[in-house]
Structure formats: C-alpha cells, structure tokens
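The chain contents come next:
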Amino acid sequence: MRVLKFGGTSVATVESLGRVLDIVSQAVTESKADGGDGRVVVVVSAMGGVTNQLIAAMGRGAKRDDSYQQVWADLQARHMESAAALAGDGTEELQQSLGQSFADLKDLLHGTYLLREASPRTRDGILAYGERLSAALVAAILRARGMAAEAVDARRMILTDDHFGRAQVDFTASYERIRQVLSEIDGVAVVTGFTGATAEGQTTTLGRGGSDYTAALLGAALKASAVELWTDVDGVMSADPRWVEGAFPQHQMSYAELMELSHFGAKVVYPPTIHPARSHNIPLLIKNTFAPEAPGTRVVEKSADNPFPIRGIASINHVAMMRLEGDGMVGVPGIAGRLFGALARHDVSVILISQSSSEHSICFAVAPEDAAPAESAVAKEFELEHRLGIIDPLVVEDEQSVVAAVGEQMRQHPGIAGHLFSVLGRQGISVKAISQGSSELNISLVVDRPHEKKALGSIHQAFFAPRRRRLALALMGPGRVGSELLSQVQSAAPSLLIQEDLEVVVVGIANSRRMLMDRRGIDLNAWQPLLAEAPALDLRSWQDFLTHGDGNDLTVLADCTASDTPGGLYLSLLEADCGVVGANKRPFSGPYEHFSALWETSRRGRGALFLEATVGAGLPVLGTLEDLRRTGDRIRRIDGILSGTVNAVLEMLHDGLTFSAAVRQAHEHGLTEPHPWDDLSGGDVARKLCILSRLSGRRVEMDELRVEPVMADRGWQAMDIETFWQDLGAVDDDFQALVAKAKADDCRLRYVARSSDNGSSVSLLAVAADHPAHGLAGADNLIAFTSERYRETPLVVRGPGAGTQVTAAGVFADALRAAARIRT
C-alpha cells in the first residue's frame, strides 16, 4: 500500500494535473508488478491558490464587499475548465457535481456577507471546499484514464475536536474509521486533505499544510510501505533556495531533523505530519511532481551518516523577541512556570526560549500577531512585581528573525555553536539570543530581521562543503610517512570542516609505479587496493591533473618520497598557483639555482612553498629561522643535532646495544629512511644542513659541505637491503670501542652539524657534559641559532626530529599553511 499526497502546485493547472495522473498510474503499475493488488491512496490539496482565494472571498463578504462574488465565479470557472479539459466522457457528470458544490459554497459566502463575519466554524466549512472540489476533479480524471477511482471525503474518517482552524486528531478513532471506509473502496481512493470533522459532524481543518498530515494519518492507519509527499521542489533543501544561493536537496534525513527544520520555517512538510509516520515507522518520501526522476528526500528514524556537520538551516522570517528580567527573578522558584502558564492561557505559542544561568532574565520569541496578547498576559501575571519594581516591564523587540541550524551529527562535532558565532561575527551580524537543547539537534539564533538573508547565506557557505573552496591534497610517496599522513587527514578532516571552514580531500596518490586520481576525493578506507589497480605513473598526466583542477580547489602536492623526481614538478605547480610541501629534502638541497627559483616563485605568486618537515619533522625550525630573518636579525652560526635517527642509534649504543642491533631497531620503529645508509652516510643530515644554510642567507652547494659519515663507507649504498643487514655487524666492535672511550671521558657520542661564515660540516664527536646536546634523549633533534640578537645565549629548538607520526604531522601542518596562503 502506497499513499501519495499532491500539494496545491501539483494540482494547480491542466498540465500539472496531467503529471499527477502519470505518477498515480505509474504507482498502480509498480504496485501490481511487485505482487500487490495495485491499491494506491491519493490525498489532494486544493488547487494552487484556491485556499487563499477562499480566504479573500470570506474577508470581502464579511466587509459587505460584493466583489466576493467575482472571486467565487473565478473559482468556479477555473474548476469547470479543468474538468472540460481532462474529464473526457465524464465531463458533464463532473461539472454537474462541481456546480452543486459551488452553489452550496455560494450560500455559505453569502452568509458571511449577511452576518458581516465568518466564525471559525464557518471559516473551516468554507475552506474545506478547496479540497473537496479538488478530490472530485482528480477522481474523475483518473476514471477518464481508465482507472477505477473514487473521491473520498476525509470528514468521514478523520475525527477531531472542535478547535477550528487547527483541530486536534483523535488517532485511535480516526485510524479505525480510515480502515473501515477505505476497505469499501475499489481502485484508487482520492481523499480530501486538510479536513476532518467533530463527533457531531462539524467540519474542521487541520491547519495550513494539513494535507500532509492527512496523508500521514492514512499511511499510519493502513500500515503503508511509504507516504509520498509530492510537491514542487526536489525534496528538503539544505536551505530555502529563494534565500540562499547554492541550496541543494538532502537525499535522506531523520524524522527528528525534519521536525526541527519544519518547525523553524522549512515549508516542505507540515510539522504534525511527522508524528503518525514516526510512531508507525513509515518512511516519508518528499518528491517533485515536476521532476519525478529526482531522488527526493527519504525521511526515516535513523538516517545515513551526513557528510556535513549539519543537515540544513531554516528560518522564521518574522518574530517578536520578548525579555522578562529583574532582580526579583533571581533564585525565585516558579517564575518560568508562571510566565509560560500565562502565555498558554492566552493561547500564545512560544517559538524559542533562552534563559540566562543567573536567572535574571528569560527571553522568548513569539509570532508577531501574538506579541500584543503576550505583552498583556505577562503584564497581568506580574502586575504585583512590576509595582514593587523587582521585575521590569516586558521588553519587546519586533522585526527579529530566528535562524536555526539542524543536524543529528552536531553532537559528534564539538564547536558548532562557536563556529556559528564566528561566521556571523565576521559578517557583522549580532546574535540577540541563542537556544540549544541537550540533544544538540538544533541551535537557534535570533538576529535582526534585515540580517536574516545574510545570516542564512553565510552559515550555508561555512558549513556545506560542496559550496566552498577546499584543500585538494595530492600525495607522492605513500610509504610510512605518506600512509600516516593519509590517516591523519582522514582523522582531522571533520574538525577542520567545522573549526576552520576548510574541507580537506585527497584527490591524488602516486608511488613510483602507479597514480590514482579522483577530483571528487579518494576513499581513504580503500586507497591501497585502488592504487594497486590504478594506471601507470605518467608525470605529465599527473602534473596536468594537479594544475588544471577545479577553480575553487586549493591544490597542494605533498612530497613524501626520497626521490629527485617530484622536484621537477615543483616550479610548474607553483606557477599554476598550487602549493608544494613535503618531507623530501632532495629538491631543496640540489643545485642552488633551482632552490632559488622555487623560493622566489613562491614569494612572487599565489603558489605556496613550505618545507618545515624537511629539517625537523614537526619542529618549528625553519619557521623560527624565517621569523628571525624577516624581523631583521642576522644568523651568525647554526649548530645542531639534525638526525633524530642517528641520535637514537647513538643513545642505544650508550645503553648497551650493538651498533647493528640499534640500527635495526630504529628501522623497525620507522625512524630511518627506507635504506638506513641514507641516514648513516651523513647525506640526510647534510641535506638538512644545506637547507638551513640556504635559508639563513648563505649560498651553499652540497659538494661544499664537509661530511663525515657515521661509519666508514664500505659500499653500503650499492648493497641491497638484505645484504646491508647481513654485513652491518662488521662495524659493531669499532663502535663499541668509541662508546667505551666516550664513557671513560664522561662524554657522549653525537653527530653534530655546524654552519657559519667559515663553512659547514657534519661529523661524529664526543661531547662533554656542558655541551647542550650531551643530555639529548632518544630521537630528539636540537638546533641552536646564534644571531646578532641571540649572541650570548643561542636560541634553541629541541624536540622529536624523527618518526613517522611527527614527520607526517609536519607535512600536514605545512599543507594547511599552504592552503591558507593560496586562499589569501
């Protein structure tokens, strides 16, 4: 069983009615194809605009304005024309039926003219004609199409109280009546939406938008597989597209999210609709009559994970904000109860509540038409307190709007409220009040009404990633550091989206053999098998992919290789306004001319070059050096322990391990390069020293550095890794002797790098207890800058300088800096 409801725009014209017939016919066919009996229930609203015309006719009649008759005549002509166009052989019978209904309607309107009023009861009786006429019309058109169909008056089924205009439904009795009445209908039942009746048979209405509610009541009673609400939009939007450019449909959401969005101004679904569907676990489908192929929005109890921290934003365009305050409220129980009790007794509905923790004030928002009754109710309730001066008269601020951000995943993302305030603050929008429940499903803000549109647009821009720029990260070298970088990106991306308004996606991954590219973003849970099946690496294609991306992307290459190859791409990437970061020292320690060209290109253009991770992993070494120079300081000398790997190995020697065992352990813990000789040869330290020297203002080439390897070269580089491990034990005795001599002299072995105007060198030294590096632990690095300002006591940066996690974190931090530089 399927229940399909069609709103006013769906039945407004001959053309749109034709679309309704197609959709109903398709639903019947699908039901039969699925093994069902083809039973479909259709709920219809009044034709678009008819309810407003009926209200206008009543208003004119009550004012003794004869033009109500012209409104009535226009309505009759419109319905008769639709019948003539679509009812086929049943046109005459349908027009006779419609004519009788219009005659009855005319009598009711004439009554308002004579009495000069339209009571709530009379008003509901007149408004119900819109749906009654529509149901008769749609049923006749379906029959003309060859389908069995019958118009069914919902007043026979929906039992309500006598709260005319927004009657309350008796669910138990209504469900029983629905099942009984519809069991007697053959074919398609076309039910009037919006209407019900009291036990005495008096016509009631369920509130504007009540046809949605009717459909949900029918679905719950009939245990429908779904309730489909057909309207003129593609589903529930992320925001009102009339107010927010770039608003887009949400394909799934929860009942709770829809309830909140509907309450705060999203007009797609009438809020009471949700309860019957939710209580019977019946999905709601919001579909577009004019684009039935669009997926629409599916509403269920637990929706799929949302890629955004919020589901949508909505607003109530005009409210009056009221504030009750005074010293006499502090610590006095029952003030809130009295306030809201008084409002309830005057039939004032409260939209939003915000109370200060000091109990000194309570803010609440009401509809503008409720402002005067609310003010009167509060004045009467607190008359004594006002006279005594312990509670101030109610403060009323008109021309306010409520803006609400809704989403079940907000509770998983700390900082949403702070980010909202930050976004609005940057736009110069003051927040008058804020309300958030403990469920963290909704954050509501009150702003000045003229700022409503700007607030909605800025919040939407800040939270919905497809409508903002993003960091598109491409990784070369998914080894230990590169793989860790991907893990860190995956972990940090949600918080970056909220806290820094930045979406981070990995769009490319390349190793020495293959390249994986996807502008939409690579699934980081499956990148390894995807890369294994990816095309062969082609540097030209890789470069084109990075330099010709989406104009909104902040493209950054992260080079985590130990190869010269990626360096050949750097200059073209920078010239294309991309960022370049990484831990690869080779491109920056090659020919000075190449280094200089990269540095100058980055300084001239929007491209960004950051290489912090090349020297101290995650330590702020190069940033500190740059800050010294930018502020006018002159670097006189740099001394450092630049290899956390070698320092860790030397520390293990002093702890009693053999040299080969220490190197093996460092390798297993991810502290060494893929081939440990790159660390032990001094080449890695020399490259770091070369980069430091260049950034300190010295024109240095690698072959000008005096480099002493940690151990004598026996052709280690040419060995494959297995042979290297087999032969490494041959130097254990030499190092045992060096350690013994250092201990005897109360010294420790350190691999020291130095750079000054007198030259640069790297060598293994035994340092005394008064040397800054004597107590350096494990894989820590130490860099001491002696400058004009720091002449007597060097500026020292010390901390972990090796390791997969800290190096990856350094690269990641540089990528974020690069994105910020490009964006600026």
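Here the structure is shown first, and the text comes after it.
A quick note: this is a predicted structure, and the numbers were derived from the prediction, not measured.

Here is what the cut-offs are and how they apply
Residues numbered from 1 in each chain as written. Predicted model: local features only at pLDDT ≥ 70, side-chain atom pairs only at ≥ 80, totals over all residues. Heavy atoms only, no water. 1 Å grid on protein atoms, 1.4 Å probe; cavity = no way out; pocket = protein on both sides within 12 Å on 5 of 7 lines; lining within 4 Å. Points joined across faces, edges and corners; volume = space filled by probe spheres on them. Nonpolar A, V, L, I, M, F, W, Y, C, P; charged D, E, K, R; others polar. Pairing = 2+ DSSP bridges. Helix = DSSP H or I, 4+ residues; strand = E, 2+ residues; numbered from the N terminus. Contact = heavy atoms within 4.5 Å. Axes fitted to C-alpha atoms, helices over the stretch in contact; angles between N-to-C directions. Phe/Tyr/Trp six-rings, centres within 6.5 Å; stacked < 30°, edge-to-face > 60°. Buried < 20%, exposed > 50% of the residue type's maximum accessible area, 1.4 Å probe, protein only. Lys NZ or Arg CZ within 6 Å of the ring centre and 35° of its normal. Core = buried A, V, L, I, M, F, W, Y, C linked by side-chain atoms within 4.5 Å.

> What is the right way to read empty space enclosed by the protein from this model?
The final tally for this structure, using the stated rule, is one cavity of 30 Å³ or more. Around the largest cavity, the lining residues are Met1, Arg39, Val40, Val41, Leu182, Ile185, Gly187 and Ala189. Looking at the lining of the largest cavity residue by residue, the class counts come to six nonpolar, one polar and one charged.

> Which parts of the structure should I look at to understand the sheet that holds strand β23 (residues 635-641)?
The strands that make up a sheet are held in pairs by hydrogen bonds between backbone atoms, and each pair lies either parallel or antiparallel. What the six strands build is an open sheet, ordered β24-β26-β25-β23-β27-β28; its pairing is mixed. The sheet terminates laterally at β24 (706-707) and β28 (795-800), the two strands that pair on one side only. Alignment of β23 against strand β27 (residues 780-787), held across six bridges, turns out to be antiparallel. Bridging from a neighbouring strand, Asp639 pairs with Ala784 of β27. Its contacts with the sheet put helix α23 (residues 644-654) on β23, β25 (748-756), β26 (759-767) and β27, and the angle it makes with β25 is roughly 155 degrees. Contacting β25 and β26, helix α28 (residues 732-744) runs over the sheet at an angle of about 85 degrees to β25.

> Could you clarify how one ought to interpret the packing of aromatic side chains in this entry?
How two aromatic rings sit relative to each other is given by the distance of their centres and the angle of their planes. Going through the model one piece at a time under the given rule, you end up with 16 aromatic pairs. Here the aromatic rings of Trp72 and Phe102 are separated by 6.3 Å at their centres, their planes lie at 80 degrees, and the arrangement is edge-to-face. With Trp72 in helix α3 (residues 68-86) and Phe102 in helix α4 (residues 91-115), this pair connects stretches of sequence that are 30 residues apart. With respect to burial, Trp72 and Phe102 carry one shared label: buried. When the centroid spacing of 3.9 Å and the interplanar angle of 5 degrees are considered together, the rings of Phe659 and Phe735 count as stacked. With Phe659 in helix α24 (residues 659-668) and Phe735 in helix α28, this pair connects stretches of sequence that are 76 residues apart. Phe735 matches Phe659 in its accessibility class, with the two residues each being buried. Members of the aromatic cluster, each reached through a chain of ring pairs, are Trp677, Trp716, Phe724 and Trp725. Above the face of the Tyr113 ring, Arg64 is positioned so that its terminal group lies 4.9 Å from the ring centre.

> How should I be thinking about the nonpolar core in this particular structure?
Within soluble globular proteins, side chains that are nonpolar generally end up buried alongside one another. With 77 residues, the main nonpolar core has Phe659 and Met711 as its most contacted residues. The greatest single-element share of this core, amounting to seven residues, is contributed by helix α26 (residues 683-695). Each residue touching Met711, except ones within four places of it in the same chain, is listed here: Phe659, Trp677, Leu680, Trp716, Phe724, Leu728, Val731 and Phe735. Residues Val181, Ile282, Ala365 and Val402 belong to the second largest nonpolar core, which totals 52 residues.

> Any chance you could explain the pairing of β25 here in plain terms?
Every other side chain in a regular strand lies on the same face of the sheet, so the side chains alternate between the two faces. Most of β25 is tucked away, with seven of its nine residues classed as buried. Judged from the four bridges that link them, β23 and β25 form a sheet pairing that is antiparallel. Residue pairing across strands places Ile638 opposite Ser755, the latter belonging to β25. When β25 meets β26, the two strands line up antiparallel, connected through nine bridges. Across the sheet, the residue bridging to Val752 is Ser763, located in β26.

Everything listed here is a matter of coordinates, which is why it stays silent on function.
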